[in-house]
Amino acid sequence: MTKNLLSINDLSKKEILDLIEFANHFIDEDGNFRKEDLFPEKIVANVFCEPSTRTKSSFAIAANNLGCSLIDFDVENSSIQKGESIFETIDALNLMGVDLCVFRHSDSVIRELAECLPKMSFINAGEGAISHPTQALLDIKTIIDHKETLDGLNIVIVGDLDHSRVTSSFVEGISNFDLGSLTFSGHPEMCNRYQGSKFGKYEPHLEKALENADVVMALRIQFERYEKELNLDLDTYKSEYQLTSEKLESAKGDAIIMHPGPVNYIEITEAVYDCDNSVIRQQVANGVAIRMAILSRFLSS
Ligand code: CP
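What comes next concerns the included structure.

The buried fraction of strand β4 (residues 121-127) is high, at 7 of 7 residues. Where strand β3 (residues 100-105) and β4 come together, 5 bridges link them in parallel fashion. The residue bridging V102 from the neighbouring strand is I123, located in β4. In this region the chain leaves β3, passes through helix α4 (residues 110-116) and returns to the parallel neighbour β4; the handedness of that crossover is right-handed.

Our focus in this paragraph is the side chain of T183. Note on placement: T183 falls in strand β6 (residues 181-185). Side-chain polar atoms of T183 contact the side chain of K201, separated by 3.2 Å. When neighbours within four sequence positions are excluded, T183 is seen to be in contact with I155, V156, I157, K201, E203 and A209.

All right, on to the environment of K252 then. Here K252 shows up in the loop between α8 (234-241) and β9 (256-258). Along the backbone, K252 and V215 are 37 residues apart, and their C-alpha atoms lie at a distance of 8.8 Å.

What follows is about the sheet that holds β3. Here 4 strands make up an open sheet; going across it, the order is β2-β1-β3-β4 and the pairing parallel. Single-partner strands in this sheet number two, and they are β2 (69-73) and β4. On average, adjacent strands in this sheet sit at an angle of 15 degrees to one another, irrespective of strand direction. Its contacts with the sheet place helix α2 (residues 54-65) against β1 (43-48), β2, β3 and β4, and it is angled at close to 175 degrees to β1.

Rules of the game
Residues numbered from 1 in each chain as written. Predicted model: local features only at pLDDT ≥ 70, side-chain atom pairs only at ≥ 80, totals over all residues. Heavy atoms only, no water. Buried < 20%, exposed > 50% of the residue type's maximum accessible area, 1.4 Å probe, protein only. Helix = DSSP H or I, 4+ residues; strand = E, 2+ residues; numbered from the N terminus. Pairing = 2+ DSSP bridges. Right-handed = clockwise from strand over helix to strand, strands pointing away. Polar contact = N/O pair within 3.5 Å; in protein donor to acceptor, adjacent residues only side chain to side chain. Contact = heavy atoms within 4.5 Å. Axes fitted to C-alpha atoms, helices over the stretch in contact; angles between N-to-C directions.

So this is what it looks like as structure tokens:
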């Protein structure tokens, strides 16, 4: 295994399944996260140059559970505000002895950082609209928790797919499995990358897309990634693409409902978010176990 996790494609199918199995060891029989003082000599830095709740906090909890020292790097009060580049900033952390950097940025700079600073490990915690590999791992773990395997499953992803790093990493990750089908749905102007995709078919009519689905993942509109104000009638959008109990009637009765968060309740109703088939809260909790497994593996390599 390499020392960095920059893309889900850095991992083989076996490595993905091994990490998920390893993550299960960090959850006890009561569903609590184990605290194991495995890396008291290691320093982890959380460097988030874009907002985050789940990824940042779960990495912090994972690092604490493993006994690491954690630097919760505060970008807004750092010397970046005095004009220092991100490269000088991360090099400074490297020179001070940080072993592993959990890094989120709106631009694709993590590869260059990893090449320039070979002593440090880098974990991609969100790279613009490009990739979010640790989210893909926790999503795959959540599906396996409920369905045992991804083989044979009909998976539907609906929403603003073009701007979704969650979608791109998830699609790359699940392409390792022998799926029944993979269907992309959503507003055609938000799904350009997935019309004619080698990974699955595009079906703009959501109820049709949901027919016989085993797994349904909804994605919010990423308003912050649009350069111009989005000219969209939200009521029309909701009537066509919001995941509702009525539209879900065409999915299988035991279909699980997923969403990486944060939720805006444009792409999904509160009733669906809270329904018995929703595993959205379990995705959040799985984030800690998966990130404990990732930190353990990459701090050991
Ligand atoms: N899913 C996800 O990446 O959430 P945050 O932006 O809150 O970390």
